[in-house]
Amino acid sequence: MIRNRTVLLVFRLVLGGLFVYAGVVKALEPLDFAQDIRNYRLVGQMLSFVAAVVLPWLEIVAGLALAAGIWTRAAALTISGLLVFFILLTLATMARGIDVDCGCFGSLSRKSGWGVIIEDLVMLYLGLCLLLDKKKGQSQLKSRRNPCIVPRIF
Amino acid sequence: MKDARRILRQVLVLGGLSIIVAAAVNFPLIKRLARGEFRETFFQAADFPGIRLITLQEAEDLWSGGKAFVLDARAAEFFGRGHVPGARNLSAAGSGIEIPADVLGLARSGTLVVYCEGGDCRSSLALAKLLHEAGFLDIRVFSGGWGEWQAAGLPEEKGDDQE
């Protein structure tokens with residue numbers, strides 16, 4: 001039987017690691033990322049700059065917290081919130097027919113589209129599993145059935 | 001309820017911590033912003049010698065006077081939906097872009113105008129850099145891109161690359 005502790009640990013490391021990676025590549029090139037945000041044509045020059053400076057560090061801090069198991073549910077909530085925002089942003093971009101790099105992984109970014117949305121949905125699933133793991137204060141080592149194997153959270 | 005409040009408080013702390021670290025790490029950039037840089041563009045000319053940004057007016061003048069070869073750096077799908085009349089599609093999406101022979105055959109001293117979706121988006125800059133490396137001497141990035149061209153109601157052409 002798959003134990004929660006193992007699955008949730010893997011989820012935490014994968015999701016946290018992905019966010020740290022995504023944050024670091026963007027934090028290294030803040031002006032490139034600012035331009036990516038500007039290209040979505042949703043916010044102006046100044047807000048694009050502010051978002052490009054802060055967002056990568058929010059991803060890094062939340063990713064590190066999640067991977068390290070510190071304030072796991074708060075980190076999962078932050079990451080899930082970001083993912084919901086990214087999904088809505090991608091959908092809006094597709095609806096407006098704009099050709100834009102998603103900006104998700106710095107220079108490794110692809111065009112915004114269904115592929116990006118599917119990736120984000122998979123990550124959102126991991127994030128919600130961690131967020132809905134309600135045994136607060138209990139050690140992750142306590143074994144129990146994993147609520148996320150059957151995706152009943154949806 | 002108490003649990004939710006605690007989690008929200010922790011989220012705020014994570015956010016606050018991120019802002020503090022971001023401000024500290026990017027302090028030099030923030031100082032440049034305060035000095036008035038980045039008001040128009042995030043493009044750093046020093047990174048792209050020989051390439052310069054042009055406005056809609058300049059792009060239109062070059063295009064209408066037939067003084068420049070126009071390159072559209074967007075994906076073919078978007079190019080097909082509408083582009084600057086006479087433009088050649090040379091998608092700079094992804095890596096491993098190859099400049100086709102007909103473009104390479106152009107005079108190196110001729111003027112090239114490159115654009116993508118809007119803003120000085122990365123694909124037009126990537127293509128401009130590549131063209132610069134290929135020896136072209138006068139590359140102009142139309143920073144407003146397709147978005148600005150279309151918004152200004154300038155002529156457009158639909159369909160695949162005519163070349």
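Residues numbered from 1 in each chain as written. Chains lettered and ligands numbered in written order. Predicted model: local features only at pLDDT ≥ 70, side-chain atom pairs only at ≥ 80, totals over all residues.

**Topic: the environment of Ser80(A)**
Residue and element names in this part refer to chain A. Heads up, the rule is: Numbered from the N terminus, helices here are DSSP runs of H or I no shorter than four residues, and strands are runs of E no shorter than two. Here a residue counts as buried when 20 or more other C-beta atoms sit within 10 Å of its C-beta, as exposed when there are 12 or fewer, and as partly exposed otherwise, the C-beta atoms being derived from the backbone. The contact criterion used is a C-beta to C-beta distance within 7 Å, with each C-beta placed from the backbone.
Here Ser-80 is to be found in helix H4 (residues 72-95). Note on Ser-80: 22 C-beta atoms within 10 Å, which makes it buried. C-alpha of Ser-80 to C-alpha of Leu-128: the two residues are 48 residues apart in sequence and 6.7 Å apart in space. Other than its neighbours up to four places away in sequence, Ser-80 contacts Leu-124, Gly-127, Leu-128 and Leu-131.

**With respect to the domain arrangement of chain B**
Rules: Segment limits for the domains were obtained from an automatic or database-derived domain assignment.
Partitioning chain B into structural domains gives domain 1 (2-34) and domain 2 (45-151). If you average the C-alpha positions of domain 1 of chain B and of domain 2 of chain B, the two centres end up 38 Å apart.

**Here's the deal with the sheet that holds strand E3 (residues 88-89) of chain B**
Residue and element names in this part refer to chain B. Cut-off, in case you're wondering: In this analysis, strands are considered paired if DSSP registers two or more bridges between them. Simply put, an axis is a line fit to the C-alpha atoms, just over the touching stretch for a helix, and the angle between two N-to-C directions goes from 0 to 180 degrees.
Pairing within the open sheet is parallel, and its five strands lie in the order E1-E5-E4-E2-E3. Two strands lie at the open edges of the sheet, namely strand E1 (51-54) and E3, each paired on one side alone. Bridge analysis of strand E2 (residues 68-72) against E3 gives two bridges, and the strand direction is parallel. In the sheet register, Asp-72 faces E3, and the bridge partner there is Asn-89. Most of the contacts of helix H3 (residues 56-64) go to strand E4 (residues 111-115), to which it runs at about 130°, and overall it touches E1, E2, E4 and strand E5 (138-142). Relative to the sheet, helix H6 (residues 122-133) contacts E1, E2, E4 and E5, its axis offset from that of E5 by approximately 180°.

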